[in-house]
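Breakdown of the fold
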Amino acid sequence: MGLRQDILREPVSELVLRELIALKPGDTVRRAVAKMREKKLGCVVVVDADGRPLGKFTERLLIKLLLAGPQRLEEPVASHMAAVWGTIKLTDPIAKAIRVMQDKSLRFLIVLESDGRAVGLTGQRGLMEYIADHFPRAVKGQTMDSKLYMDQREGA
Amino acid sequence: MPKRPRRDPEPGEFEDPLSNYDPPEYGDDLERSLLTDNIGVFRTTPIATIPPSATIHTAMKMMDELGVACLMVVAGEHLMGVFSERDVLNRVADDYDKLRDRPVSEVMTVDPSCVHDTASPAKALNLMAVGGFRHVPILSADEKLVGVLGPRRVISYIQKHFDKETA
């Protein structure tokens, strides 16, 4: 089976899901920044009392906010979040996730259970890992240095 | 072509070294392309660059205006480092007022992992998926910066494969 078929056939649940960092609308941006740094993730999701997403705050928005004035780090994250986000169901095919990310220029997607509950995040990184897993020998067998030539002749 | 039956050679008998060679098989065109093509199948330009002496504020303004997640820090045509959104999050955010007029070279990621323009896509995917680098600079044989590959460009290449076949 080829990669293309697998992308069309396999569900989003095959992708590596990242933990969703959920914050309350009243939490400060500084807290969002600390959480993103701690979890090594470029995005937090602001949720209401029932856990439904209201918006997201990303590294890109952080740059805009700092340029506008770093004192804004103390303001509530809800006043700086973007109210657009992409969602995808666990059972949707991976091809759909690719299309949503591409069409909406998104880096992250919120992954939903069939009852609409958010279970995690996936995105560009998850997809790169999926492709790498598809070619374990070709991709993972690569060396990570950037040398064009060997230092010594082989066997010398 | 039907495969010839294999048998162990008699001692001293010549054995064709390729007799056990099965050429690799690919599931489809996308797979073949990712494994055998050159990294040039992806779009690897334009490159957003900045000199190492530029201030952190200038760099962030440029990222915001261009809508890019990452700048290549270059002196002439040579790559000195990479300055990304993640560097802003990890190294700049808490002390922005103190750091904004410092040169970007103080907070950039130095000595980033790169690939050469002769590499296969698999090599770049390895750095992204296993190494965890979002953006991989691409160098020519004489170590000049000639491109950059990020996940968005990989994904649009894959998407193009689907569009081509459904069109």
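What comes next is a walk through the structure. Quantities reported herein were computed from a predicted structural model and do not represent experimental measurements.

The number of helices and strands found in chain A is six helices and six strands. Reading chain A from its N end, one meets helices and strands in the order α-β-α-β-β-α-β-α-β-β-α-α. A burial count over chain A gives 36% of its 156 residues as buried. Taking the intrachain contacts of chain A between residues at least 6 apart in sequence as the baseline, contacts between residues at least 24 apart amount to 56%.

To continue, consider the overall build of chain B. Helix and strand counts for chain B stand at six helices and seven strands. N-terminal to C-terminal, the α/β element order of chain B is α-β-α-β-β-α-α-β-β-α-β-β-α. Its C-alpha radius of gyration of 22 Å places chain B more than 25% over the 15 Å reference for a compact globule of 167 residues. The principal-axis extents of the C-alpha atoms in chain B amount to approximately 80 × 45 × 30 Å. Here chain B, with 167 residues, has 37% of them falling under the buried criterion. Contacts in chain B between residues at least 24 apart in sequence constitute 57% of all its contacts with a sequence separation of at least 6.

With that settled, the discussion passes to the interface of chain A and chain B. Many structure descriptions define interface size as the accessible area lost when the parts assemble. At the interface, 36 residues of chain A touch 41 residues of chain B. Looking at the side of chain A that touches chain B, the elements that each hand over two or more residues are helix H1 (3–9), helix H2 (29–39), helix H3 (59–68), helix H4 (94–103), helix H5 (124–134) and helix H6 (136–140) of chain A. A class-by-class count of the residues in the side of chain A that touches chain B yields 21 nonpolar, seven polar and eight charged.

Let us now look at the pairing of strand S2 (residues 70–75) of chain B. All names here are of chain B. Direction of pairing for strand S1 (residues 49–50) relative to S2: parallel, over a ladder of two bridges. Paired with Ile50 across the two strands is Val73, which belongs to S2. Of the crossover connections in this fold, the one passing from S1 over helix H2 (residues 56–66) to the parallel S2 is right-handed. Direction of pairing for S2 relative to strand S3 (residues 78–84): antiparallel, over a ladder of six bridges. Counterpart to Val73 in the pairing with S3 is Gly81.

Turning our attention to the sheet that holds strand S6 (residues 136–139) of chain B. All names here are of chain B. Read across the open sheet, the three strands follow the order S5-S6-S7; overall the sheet is mixed. The sheet terminates laterally at strand S5 (115–116) and strand S7 (145–149), the two strands that pair on one side only. The pairing of S6 with S7 spans four bridges and is classified as antiparallel. What sits directly across from Val136, in S7, is Leu149.

All names here are of chain A. In terms of burial, strand S5 (residues 108–112) is largely enclosed, as four of its five residues are buried. Here S5 runs beside strand S6 (residues 118–123); their pairing, made up of five bridges, is antiparallel. Its bridge partner lying in S6, Leu109 is registered against Thr122. In sequence, S5 turns back onto S6 through a hairpin of five residues, with Gly116 there showing a positive phi of about 90°.

This next bit is on the nonpolar core. Of all hydrophobic cores here, the largest spans 86 residues; its most connected members are Leu109(A), Leu71(B), Val73(B), Ala124(B), Leu125(B) and Val136(B). For this core, the leading source of residues is helix H5 (residues 121–129) of chain B, giving six residues. Apart from residues lying up to four places away in sequence, Ala124(B) is in contact with Ile39(B), Val115(B), Ala119(B), Val136(B) and Leu149(B).

In the contact formed by H3(A) and helix H3 (residues 85–92) of chain B, the axes pass within 9 Å of each other and the chain directions differ by 60°. Taken as axis vectors, H3(A) and H3(B) run oblique relative to one another. Where H3(A) crosses over H3(B), the two elements pack in a sense that is left-handed. Contact residues: Glu59(A), Arg60(A), Leu62(A) and Ile63(A) in H3(A); Glu85(B), Arg86(B), Val88(B) and Leu89(B) in H3(B). Its residues assigned to classes, the contact of H3(A) with H3(B) shows four nonpolar, no polar and four charged.

Before going further, it helps to spend a moment on unusual backbone geometry. Residue and element names in this part refer to chain B. With an omega dihedral of 0°, the bond running from Thr45 to Pro46 counts as a cis peptide bond. Here Pro46 is to be found in the loop between helix H1 (29–36) and S1. One non-glycine residue, Asp111, lies in positive phi territory at about 55°. As for its placement among the helices and strands, Asp111 is situated in the loop between strand S4 (109–110) and S5. We note that Glu143 has phi near 65°; this positive angle belongs to a residue other than glycine. With respect to the element layout, Glu143 can be found in the loop between S6 and S7. Taking the number of C-beta atoms within 10 Å as the measure of exposure, Glu143 has 14 and is therefore partly exposed.

What counts, and where the lines are drawn
Residues numbered from 1 in each chain as written. Chains lettered and ligands numbered in written order. Predicted model: local features only at pLDDT ≥ 70, side-chain atom pairs only at ≥ 80, totals over all residues. Helix = DSSP H or I, 4+ residues; strand = E, 2+ residues; numbered from the N terminus. Buried ≥ 20, exposed ≤ 12 C-beta atoms within 10 Å, placed from the backbone. Contact = placed C-beta atoms within 7 Å. Rg over C-alpha atoms; globule rule 2.2 N^0.38 Å. Nonpolar A, V, L, I, M, F, W, Y, C, P; charged D, E, K, R; others polar. Pairing = 2+ DSSP bridges. Right-handed = clockwise from strand over helix to strand, strands pointing away. Core = buried A, V, L, I, M, F, W, Y, C linked by C-beta atoms within 7 Å. Axes fitted to C-alpha atoms, helices over the stretch in contact; angles between N-to-C directions. Parallel < 35°, antiparallel > 145°, perpendicular 65-115°, else oblique. Left-handed = near helix turned anticlockwise from the far one by under 90°.

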